[in-house]
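Notes for the structure review
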Amino acid sequence: MPINSPFMNNIKILDKKREWDTFIASFEHSDSYHTYEYHKIVKNETEQPVLIQYCEGDRIIALPLLLRTIPGSSYMDATSVYGYPGPLTKNIGPDYDNTSFRAALLKLLYSMEVVSVFSRLNPFIPYQDIILKNMGEVAFCGKIVNIDLTMELEDQKKEYNRRLKTHINKARKNCTTKKASNDMEIDAFINLYYENMRRVNATKNYFFDRNYFFELIRSKDFNTEVLLAVHNESKEIISGAMFVKKNKIVQYHLSGTDEDYLYLNPVKMLIDEMRVLATQENFGFYNLGGGVGSSEDSLFHFKSGFSKDFKEFKLWKYIVNESIYKELTDLNKQNTQIIGNGSSGSFFPSYRQTY
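Residues numbered from 1 in each chain as written. Predicted model: local features only at pLDDT ≥ 70, side-chain atom pairs only at ≥ 80, totals over all residues. Heavy atoms only, no water.

Here's the deal with the overall build of the protein chain
- A count of helical and extended segments in the protein chain gives 11 helices and 13 strands.
- The C-alpha radius of gyration of the protein chain comes to 22 Å, within 12% of the 20 Å expected for a compact globule of 355 residues.
- With respect to the three principal axes, the spread of C-alpha positions in the protein chain is 65 × 50 × 35 Å.
- Here the protein chain, with 355 residues, has 50% of them falling under the buried criterion. (Helix = DSSP H or I, 4+ residues; strand = E, 2+ residues; numbered from the N terminus. Rg over C-alpha atoms; globule rule 2.2 N^0.38 Å. Buried < 20%, exposed > 50% of the residue type's maximum accessible area, 1.4 Å probe, protein only.)

This is the structure we're talking about:
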């Protein structure tokens, strides 16, 4: 997908790995979701990773996005990788006036014929709200559960509810934890993950290709680890969990458990084991995520048993070209033959909604 955008003095697009990585490395705060490698792994064939670089004196902003063509039109829009990306900043504080950045970004996006931008934000990266102020909407989506790894291990564990402690103790009596160290063990984890997704009737989006798992693990731009639970009696791998680490942030990414051993709750033991390891490695945040679709459902309830340090998960929705956005939305409704109140006002961008 060619990028048709002029070079401007204070804003430009980076789309090559070396320059992307060098720029991201200059920021104090960043996560695995900001790396070129992560974008390359998760993007589909219609998406192109870009990093918008903005410089205003010594004040610097980085905004990673995925560009994609809008079917049936000559326009594009932008979205973020699934996870917790959003903008990074340098030498910017809570009083930053983003007027110049807003103008430069709008001009750049218009020149590229980008109609709208959607991005998930990162609860652990400062000043993202400040950067995006008065550009569309930054909306609260739900809560995520964080374990504060700067606390002493025993103080962290005091946050666990009583039932969780009982489950972890039972799992540790019956299982042993280990890091996956070869392809056979990683394959065992992948199979458990697929089994778990089938059991909960997950959508096809969650059935990642096997290469996805191996590419995450082999990346040198962040550290991906898979912890396994081995049943002491049967010696079988009965559960696994994948974690992604970068800088001070640990992300609980994926997990799966053999249905025959669900009663042992081994994944709770694996989450607890990573808490101990990550604390010893001087990480600061341990993001367990939230519920399905950021709702406070049974998954959120499961995670909140570990900690009540809840962070706000937010989404950025920005309509760059109002008239084209409306035109595409109206066309989408006609093409899908919407009747009555079939449209959902919360879906963004509305022209991509399927009914």
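Focus on helix α8 (residues 210–218)
- Three or more residues of α8 are buried, namely Tyr 212, Phe 213, Phe 214 and Leu 216.
- Against the buried residues of α8 lie α2 (36–42), α7 (183–199), β9 (223–231), β10 (237–246) and β11 (249–257).
- If you check the start of α8, you find a side-chain oxygen 2.8 Å away from the backbone N of Asn 211, and it comes from Asp 209. (Contact = heavy atoms within 4.5 Å. Polar contact = N/O pair within 3.5 Å; in protein donor to acceptor, adjacent residues only side chain to side chain.)

Quick look at the packing of aromatic side chains
- Inspection of the entire model under this criterion finds 25 aromatic pairs.
- Ring geometry for Tyr 33 versus Tyr 84: centroids 5.8 Å apart, planes at 65°, classification edge-to-face. With Tyr 33 in the loop between α1 (17–25) and α2 and Tyr 84 in the loop between β4 (76–79) and β5 (88–90), this residue pair connects regions lying 51 residues apart in the sequence. Accessibility assignment for this pair places Tyr 33 and Tyr 84 in one class, buried.
- What links up through ring pairs into an aromatic cluster is the set Phe 189, Tyr 193, Tyr 194, Phe 207, Phe 208, Tyr 212 and Phe 213.
- Its guanidinium or amino end placed over the ring of Phe 27, Lys 90 lies 5.3 Å from that ring's centre, counting from NZ or CZ. (Phe/Tyr/Trp six-rings, centres within 6.5 Å; stacked < 30°, edge-to-face > 60°. Lys NZ or Arg CZ within 6 Å of the ring centre and 35° of its normal.)

Overview of unusual backbone geometry
- Across the junction of Phe 348 and Pro 349, the peptide omega takes the value -10°, indicating a cis bond.
- Its location among the elements puts Pro 349 in the segment after α11 (322–335).
- Positioned with a positive phi, Asn 201 is a non-glycine residue whose angle comes to about 55°.
- Assignment of secondary structure puts Asn 201 in the loop between α7 and α8.

Quick notes on helix α6 (residues 162–174)
- Look at α6: 19 Å from first C-alpha to last across 13 residues, which is about the 18 Å you get at 1.5 Å a residue.
- By the burial criterion, the buried members of α6 are Leu 164, His 167, Ile 168 and Ala 171. When α6 is viewed along its axis, its buried side chains cluster within an angular range of 100° and face the same direction. Turned more than 90 degrees off the buried face of α6, the exposed positions are Arg 162 and Lys 173. (Expected span 1.5 Å × (residues − 1). Arc of directions from axis to C-beta.)

Some words on the nonpolar core
- Of all hydrophobic cores here, the largest spans 46 residues; its most connected members are Phe 189 and Phe 213.
- No other element matches the six residues that α7 contributes to this core.
- Those residues in contact with Phe 189 that lie beyond four places of it in its chain are Phe 213, Val 226, Leu 228, Gly 240, Ala 241, Met 242, Leu 254, Ser 255 and Gly 256. (Core = buried A, V, L, I, M, F, W, Y, C linked by side-chain atoms within 4.5 Å.)

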